[in-house]
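Geometric and topological summary
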Amino acid sequence: LQELLTDAIKRKKGTLDYILVYKMNRASRDLGTYYTGIKTVLAPRGITMRSATEGFDDSPMGSFIESLHVMVGQLDNDNKRQTVIDNMTSIARDGYWQHMPITGYEACKLKNSEGKARPSMKPNANAERVRRVLMRWNRGNISQAALARYATHIGLLSTKGRPITQ
C-alpha cells in the first residue's frame with residue numbers, strides 16, 4: 001500500500017481517481033492511521049479509496065460507512081490481539097515456555113493438570129556451561145569480549161552451534 005501511495009503521488013499525479021481495495025480492512029485496520037496516512041495523502045490529489053466488496057460513496061453517510069468498515073477491521077484486530085495476550089498470559093502463569101529455548105535448554109512438553117501437553121524447557125548438555133559463564137560474569141571483573149572467549153574456551157556454543165559472541 002505504501003508503494004501504491006508513493007506511486008499515486010509521484011508518477012500517476014492527475015491520472016488516478018480511485019484506489020481500489022478488496023475490503024477496507026485491507027487498506028487499514030486503524031482509523032487514525034487510515035485518515036492521517038492514507039486519506040490526507042490522497043484527498044489533496046483528488047484520489048479516493050473504494051472497496052470492491054463494500055459499498056459507500058463520498059456523501060456524509062458514505063464517509064461514515066467507509067470509516068465504519070475500517071473500524072470493524074480495527075475491532076477485529078483488537079479482539080484477536082486481546083485473545084492472544086490472554087492465552088499467552090494463561091500459559092505463562094501455568095509456567096510454560098512459549099518461545100525458542102535459550103542456550104543451555106531444549107524444548108520439551110510437560111503435561112498440565114488436565115493432561116494436555118504444554119511447551120516447556122529442560123536443561124541440556126550446555127546448561128552447566130551456561131551456569132559457569134553466568135557465574136563468571138557475576139564476579140564483575142571481566143569484559144564482554146573476554147567472557148565470549150571464556151565461553152568458547154569451555155565449549156559453550158550458541159543454539160545454532162556457533163561460538164558465543166559479545
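The structure under discussion appears in the preceding block.
Residues numbered from 1 in each chain as written. Predicted model: local features only at pLDDT ≥ 70, side-chain atom pairs only at ≥ 80, totals over all residues. Heavy atoms only, no water.

Time to look at the overall build of the protein. Helix and strand counts for the protein stand at 6 helices and 4 strands. Taken from N to C terminus, the helices and strands of the protein fall in the order α-β-α-α-β-α-β-β-α-α. Relative to the compact-globule value of 15 Å for 166 residues, the protein shows a C-alpha radius of gyration of 27 Å, a clear excess of over 25%. Its C-alpha atoms give the protein principal-axis dimensions of roughly 70 × 45 × 25 Å. By the burial criterion, 25% of the 166 residues in the protein qualify as buried. Of the contacts formed within the protein by residues at least 6 apart in sequence, a portion of 45% connects residues at least 24 apart. Here the protein displays about 11,500 Å² of accessible surface, and carbon together with sulfur accounts for 54% of that area. (Helix = DSSP H or I, 4+ residues; strand = E, 2+ residues; numbered from the N terminus. Rg over C-alpha atoms; globule rule 2.2 N^0.38 Å. Buried < 20%, exposed > 50% of the residue type's maximum accessible area, 1.4 Å probe, protein only. Contact = heavy atoms within 4.5 Å. Areas by Shrake-Rupley, 256 points an atom, 1.4 Å probe, with all protein chains shown as cover.)

Applying the stated criterion across every chain yields a total of 7 salt bridges. One salt bridge in this structure joins E106 and K122, with 3.8 Å as the shortest N-O distance. Of the two residues, E106 is situated in strand β3 (residues 105–111) and K122 in strand β4 (residues 117–123); the sequence distance between them amounts to 16 residues. Linking R131 and E128 is a salt bridge whose minimum nitrogen-to-oxygen distance equals 2.7 Å. Here R131 and its partner E128 are both found in helix α5 (residues 127–138), 3 residues apart, which amounts to about one turn of the helix. Beyond isolated ion pairs, a larger network of salt bridges with shared partners links R29, D76 and K80. (Salt bridge = Lys/Arg side-chain N within 4 Å of Asp/Glu carboxyl O.)

Among the nonpolar cores identified, the biggest contains 13 residues, and I19, M24, Y34, I38, L42 and M49 are the most heavily contacted of them. Residue assignment for this core shows that the elements contributing at least two residues are α1 (2–10), β1 (18–21), α2 (24–27) and α3 (31–42). With 3 residues, α3 is the largest single contributor of residues to this core. L147, A151, I154 and L156 belong to the second largest nonpolar core, which has 7 residues in total. (Core = buried A, V, L, I, M, F, W, Y, C linked by side-chain atoms within 4.5 Å.)

This brings us to the packing of aromatic side chains. Per the counting criterion, the structure on display carries 1 aromatic pair. Taken together, a centroid distance of 5.4 Å and an interplanar angle of 80 degrees make the contact between Y34 and Y35 edge-to-face. We classify Y34 as buried; its relative accessible area is 0%. (Phe/Tyr/Trp six-rings, centres within 6.5 Å; stacked < 30°, edge-to-face > 60°.)

The next point concerns the environment of R26. Locating R26 in the fold gives a position in helix α2. Put simply, R26 and S51 are 25 residues apart on the chain and 9.3 Å apart in space, counted from C-alpha to C-alpha.

Between α5 and helix α6 (residues 144–153), the shortest axis-to-axis distance is 10 Å and the interhelical angle comes to 155 degrees. Judged by the inter-axis angle, α5 sits roughly antiparallel to α6. Taken as a pair, α5 and α6 cross one another with a handedness that is right-handed. Judged by residue contacts, R132, V133, R136 and W137 of α5 engage Q144, L147, Y150 and A151 from α6. When the residues that make up the contact of α5 with α6 are grouped by side-chain class, the tally is 5 nonpolar, 1 polar and 2 charged. (Axes fitted to C-alpha atoms, helices over the stretch in contact; angles between N-to-C directions. Parallel < 35°, antiparallel > 145°, perpendicular 65-115°, else oblique. Left-handed = near helix turned anticlockwise from the far one by under 90°. Nonpolar A, V, L, I, M, F, W, Y, C, P; charged D, E, K, R; others polar.)

What you see with β1 is a clean split: I19 and V21 sit on the buried side and Y18 and L20 on the side with no burial. Sheet analysis places β1 next to strand β2 (residues 48–51), joined by 4 bridges and oriented parallel. Bridge assignment links Y18 to a residue of β2, and that residue is T48. (Pairing = 2+ DSSP bridges.)

Turning our eyes to something else, we now look at the packing of α3 against helix α4 (residues 60–93). Look at α3 against α4: their axes get within 9 Å of each other, and the N-to-C directions meet at 125 degrees. Put simply, α3 runs oblique to α4. For the pair α3 and α4, contact is made by L31, Y34, Y35 and K39 and by S63, E66, S67, V70, M71 and Q74, respectively.

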